[in-house]
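# Structural overview for review
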Number of protein chains: 2
Amino acid sequence: MSQLKIALLGLGTVGSGVVSIINQHQDKIKQMTGQEIVIKSALVKTPDKYKEEPAFNTIEITNDISTILSDPEVTIVVEVMGTIDAAKDYISRALTAGKHVVTANKDLMAVHGGQLEEIAKEHTVDLYYEASVAGGIPILRTIVNSFSSDMIQSVKGIVNGTTNYILTKMTEDNLSYQEALIQAQEKGFAESDPTSDVDGWDAARKMIILARLAFGMNISLEEVSVQGIRGIDVNDIVRAKDLGYKIKLLGQARLIDEKAFLEVGPVLVPETHLLASVSNENNAVLINSAALGETMFYGPGAGSLPTANSIVSDIIAVSKNIANNSCGKGFNSYHQPSILAEDAIIYANYYLSLHLENRPDRLSALEQIMAEQEIAIEKADQQLVENDISQVVIVTQPVNKAQIKDLKAQLEKEVDIELKTMYQIMDKEV
Amino acid sequence: MSQLKIALLGLGTVGSGVVSIINQHQDKIKQMTGQEIVIKSALVKTPDKYKEEPAFNTIEITNDISTILSDPEVTIVVEVMGTIDAAKDYISRALTAGKHVVTANKDLMAVHGGQLEEIAKEHTVDLYYEASVAGGIPILRTIVNSFSSDMIQSVKGIVNGTTNYILTKMTEDNLSYQEALIQAQEKGFAESDPTSDVDGWDAARKMIILARLAFGMNISLEEVSVQGIRGIDVNDIVRAKDLGYKIKLLGQARLIDEKAFLEVGPVLVPETHLLASVSNENNAVLINSAALGETMFYGPGAGSLPTANSIVSDIIAVSKNIANNSCGKGFNSYHQPSILAEDAIIYANYYLSLHLENRPDRLSALEQIMAEQEIAIEKADQQLVENDISQVVIVTQPVNKAQIKDLKAQLEKEVDIELKTMYQIMDKEV
């Protein structure tokens, strides 16, 4: 049986998961691919730390990338280091050296994915990155293989495990944002600096990759509307629940009149909707398409073995391409001009929570402002929260982004009306 | 651009869906495959009925299978007729004639799949059947491509849309089984003879196909434990709800100590579980595997366009294999000896509903019988339902199939204890 030799760049949690899966499931992999996959070498910063580890004793451990890139036996380079700059350099050099690359690096693929795919194509090698989005859920491969004759209209996902864990704990255990964040950090679901997760940037990068495959369009990070979860108050979660919703951090990529719109932000999801049952650190991606209607793909969004499994699935895909002599065709061959939707055509329902001075004319002032923006109210509820402050919760009928921006600007001018939060509401479909 | 010519066997709802998808999404398909897919001919019983139809005016319509099989231009034969015998004959002949075959025929693939895959292999042609299970959900391709380095421990699915629709209506609208069945028939979700759906045979066949891909084992229909939904009473649905469950017809394929067990039957699913939110005619498949833990794939289980989309995805997969010169490797290359699990190692919790004569010693008699089978009770509730009849609902702790069979036999001997229903309870995971 022929052997396929790979090199790992990085031997952290995900890298160790790759070693473990390849060792444990070698028999099944052989049967399904007709090849034996061997981890020949690994790049780490301090090789001495790993050399005593029995699990790695058949692996050549080095801190010199050039030994790996110049090794003619290494066919596939698996990048699981996670930084952007070094990884970009190493991956570019590996592709240029004629090696296939599998990476889990979402930050890199979101920003430089298009460019790296060009380099891969030029050198007729493969570049796969299933593990970069939603960890263990085979969502990229599914879009490429099973939606190729369908037209995807929207991709909506809970694609960040950290924020979903925090929101679950806030909802189920009535924790404050800070308490839930600390618990997530203790359990290893949040990093000590959680910025990228809680401010929505991690989800935004994943949505860019999803949109590239689903719509064939390259959207840049600056073009994504991003809102995180820091501002969410337990009060919003309770009020949402009273209305029949759970608050989730949702990434949304929508195609409106063939123009794309990407956003990340807290969204009120109907409690009966499948996405509302996605709890803790789990992920799910909901696709709406012309032929299939609604489909949803659920699973672990991170973790050593789930991420490693996606990487090994990519390695197996490359190994099949090698056997078929069909490398270099690109993970994704769908390309469209990237056109962005304008604010006036992007519609949604919204949930608004406002604080008003408790004077009878304030509510009518608020209604007046909304009427001026032609925003129709579906539901409004006023409650006294302090001596002279009322909370007003409003559910709007469908309004567009331009109206919403105007409303925000208008409300900022009002001294005794304070807009506390404004979140989208998801349709009660599914 | 090269053309790939296909022939359809059947032009019913699914066949028309294939025509529509290929015509509408030709540009995207061309971009993704580098080929143009052309429907050259179609086999129907009465060609005159179709010849006037504008959608079919570029298709050669015939009632003679041999014109299609002897046409050297036809590369792929797409079988969407749905019967077993004729389809088996035509598919065997097509494969033998060197044509690739795509089929949506679950009955055929469940019973003769292994044999047809052998014929395909022998003639180095492809045989794909994604559409045969769960309509639009790309579940077979996902198992083959994304679980090849993972070990699947169980596949649990709502894989029959008719019964899920009926159970949804019974649960949400308090309809009786008969009322819900009639509504399903009126909406086109149930056939006039609903036997295959409501008695669980359709789900059983799909579970056989899923188990073949997930475990690499060939299980025959006689080896599947099958129970339908005819016996479900609205009372059971209400009692299950009181306990926090929804009743779903679940197909389960489990691997216990590397031995397989397949069953179909009503199961109490925790209301908070993702599967409980799968309503109406929709399908979902939940996979439990070593590396990924729990993943779930949700979507439409039937319908013209969803099923047609799965077929076109298969056609595109075959077209890529043709371009790569890599046909005949089989949709699934995972094979294991098929060993069945014995009753004593198959454990689950159960829900029992019994009618007892309302005498004080009857409940203790029942508890005595259960104690003799070493069945521990987690919860028991007794209610007077008629003058002298009590209903007792019992939730057991984990018991094995042997104990359950003994209990059933024992209860049948008791004249004044009647076992009304006995369903499995799903773990409160996810």
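Conventions adopted
- Residues numbered from 1 in each chain as written.
- Chains lettered and ligands numbered in written order.
- Predicted model: local features only at pLDDT ≥ 70, side-chain atom pairs only at ≥ 80, totals over all residues.
- Heavy atoms only, no water.
- Helix = DSSP H or I, 4+ residues; strand = E, 2+ residues; numbered from the N terminus.
- Rg over C-alpha atoms; globule rule 2.2 N^0.38 Å.
- Contact = heavy atoms within 4.5 Å.
- Areas by Shrake-Rupley, 256 points an atom, 1.4 Å probe, with all protein chains shown as cover.
- Lys, Arg positive; Asp, Glu negative; His and termini not counted.
- Charge placed at Lys NZ, Arg CZ, Asp CG, Glu CD.
- Least-squares fit on C-alpha atoms with pLDDT ≥ 70 in both.
- Buried < 20%, exposed > 50% of the residue type's maximum accessible area, 1.4 Å probe, protein only.
- UniProt positions renumbered as here; feature names shortened; annotations may be inferred.
- pLDDT = per-residue confidence, 0-100.
- Phe/Tyr/Trp six-rings, centres within 6.5 Å; stacked < 30°, edge-to-face > 60°.
- Lys NZ or Arg CZ within 6 Å of the ring centre and 35° of its normal.
- Core = buried A, V, L, I, M, F, W, Y, C linked by side-chain atoms within 4.5 Å.
- Pairing = 2+ DSSP bridges.
- Expected span 1.5 Å × (residues − 1).
- Salt bridge = Lys/Arg side-chain N within 4 Å of Asp/Glu carboxyl O.
- Buried area = accessible area lost by both parts, 1.4 Å probe.
- Polar contact = N/O pair within 3.5 Å; in protein donor to acceptor, adjacent residues only side chain to side chain.
- Arc of directions from axis to C-beta.

Scanning chain A from N- to C-terminus turns up 15 helices and 17 strands. In terms of overall dimensions, chain A is globule-like: its C-alpha atoms have a radius of gyration of 24 Å, near the 22 Å expected for 430 residues. Within chain A, residue pairs in contact and separated by at least 24 positions form 73% of the contacts whose partners lie at least 6 positions apart. Approximately 16700 Å² of chain A is accessible, and the part contributed by carbon and sulfur atoms is 46%. Placing the 37 positive and 58 negative side-chain charges of chain A at their respective mean positions leaves the two points 5 Å apart.

Another aspect to go through is the relation of the copies chain A and chain B. It takes a turn of 180° to lay chain A on chain B, together with a shift of 0.0 Å along the axis; the resulting RMSD is 0.0 Å. The symmetry that links the two subunits is that of a two-fold axis. The C-alpha atom lying nearest the rotation axis in chain A is that of F297(A); the distance is 2.4 Å. Same-surface contact between copies: 100% of interface residues of chain A are shared with the interface of chain B.

Another aspect to go through is the side chain of K206(A). Residues and elements named next belong to chain A. Relative to the assigned elements, K206 resides in helix α11 (residues 201-215). For K206, a relative accessible area of 8% puts it in the buried group. Not counting the four nearest positions on each side in its chain, K206 is found in contact with K106, S132, V133, A134, V159 and N160.

Residues annotated by UniProt as "domain: ACT" (unreviewed entry) correspond here to residues 351-424 of chain A. Measuring from the first to the last C-alpha atom of residues 351-424 of chain A gives 6 Å, for a span that is 35% helix and 45% strand.

Turning our eyes to something else, we now look at the confidence of the model for chain A. Low pLDDT means the predicted coordinates in that region are not meant to be read closely. On average, chain A scores 94 in pLDDT, and the residues at 70 or more come to 99%. This complex was scored by the predictor with a pTM of 0.95 and an ipTM of 0.93.

This part covers the packing of aromatic side chains. Counted under the stated rule, the structure contains eleven aromatic pairs over all chains. Between Y351(A) and Y423(A), the ring centres sit 6.3 Å apart and the planes meet at 5°, which makes this aromatic pair stacked. Of this pair, Y351(A) sits in strand β13 (residues 347-357) while Y423(A) sits in strand β17 (residues 417-425), placing them 72 residues apart in sequence. For the pair shown, Y351(A) and Y423(A) are each scored as buried. Ring centres of Y50(B) and F56(B) lie 6.2 Å apart, and the angle between their planes is 45°; this geometry places the pair in the tilted category. Grouping residues by exposure puts Y50(B) and F56(B) together as buried. Joined through ring pairs, the aromatic side chains of Y128(A), Y129(A) and F331(A) make up one cluster. Across the ring face of Y334(B), the terminal group of K28(A) is positioned such that the distance to the ring centre comes to 4.6 Å.

Nonpolar side chains in soluble globular proteins tend to be buried together. Formed by 231 residues in total, the largest nonpolar core has its most connected members in I139(A) and I139(B). Leaving out residues up to four positions away in the same chain, I139(B) has contacts with E130(B), V133(B), A134(B), L210(B), V285(B), I287(B) and F297(B). Counting residues in hydrophobic clusters, the runner-up holds 26 residues, among them A276(A), V278(A), A276(B) and V278(B).

All names here are of chain B. The sheet built from six strands is open, its strands ordered β3-β2-β1-β4-β5-β6 with parallel pairing. Pairing within the sheet leaves two strands with one partner each, and these edge strands are β3 (60-62) and β6 (127-128). Here strand β5 (residues 100-103) runs beside β6; their pairing, made up of two bridges, is parallel. Bridging from a neighbouring strand, V101 pairs with L127 of β6.

All names here are of chain B. Given a rise of 1.5 Å per residue, twelve residues ought to cover 16 Å, and the 16 Å separating the end C-alpha atoms of helix α1 (residues 13-24) matches this to within 8%. Looking at α1, one finds that the buried residues are V14, G15, G17, V18, V19, I21 and I22. Here the buried face of α1 lies against β1 (2-9), α2 (26-33), β2 (35-43) and α13 (304-324).

Let us now look at the side chain of D236(A). Residue and element names in this part refer to chain A. When you line up the elements, D236 lands in helix α12 (residues 234-242). Of the side chains with opposite charge, R239 lies nearest to the buried D236, which makes no salt bridge, at 7.9 Å. Those residues in contact with D236 that lie beyond four places of it in its chain are G231, I247, Y351, S353, T421 and Y423.

Our next topic: the interface of chain A and chain B. Opposite the 46 residues of chain A that make contact, chain B presents 46 residues. Of the roughly 4500 Å² buried between chain A and chain B on both sides combined, carbon and sulfur atoms contribute 54%. It is K28(A), S149(A) and Y298(A) in chain A that bury the most area against chain B; as a group they hold 16% of the surface buried on that side. For the pair chain A and chain B, the interface holds zero salt bridges. At the junction of chain A and chain B, the tally comes to 21 residue pairs in polar contact (both at pLDDT 80 or more). Broken down by secondary-structure element, the contributors of at least two residues to the side of chain A that touches chain B are α2 (26-33), α7 (139-146), β12 (293-300) and α13 (304-324) of chain A.

This brings us to helix α12 (residues 234-242) of chain B. All names here are of chain B. The set of residues buried in α12 consists of D236, I237, R239 and A240. What you see down the axis of α12 is that its buried residues fit within an arc of 165°, all on one side. In α12, the exposed positions that point more than 90 degrees away from the buried face belong to K241 and D242. N-capping of α12 is provided by D233, with a side-chain oxygen placed 2.8 Å from the backbone N of N235. With its phi angle positive at about 95°, G244 sits one or two positions after the end of α12.

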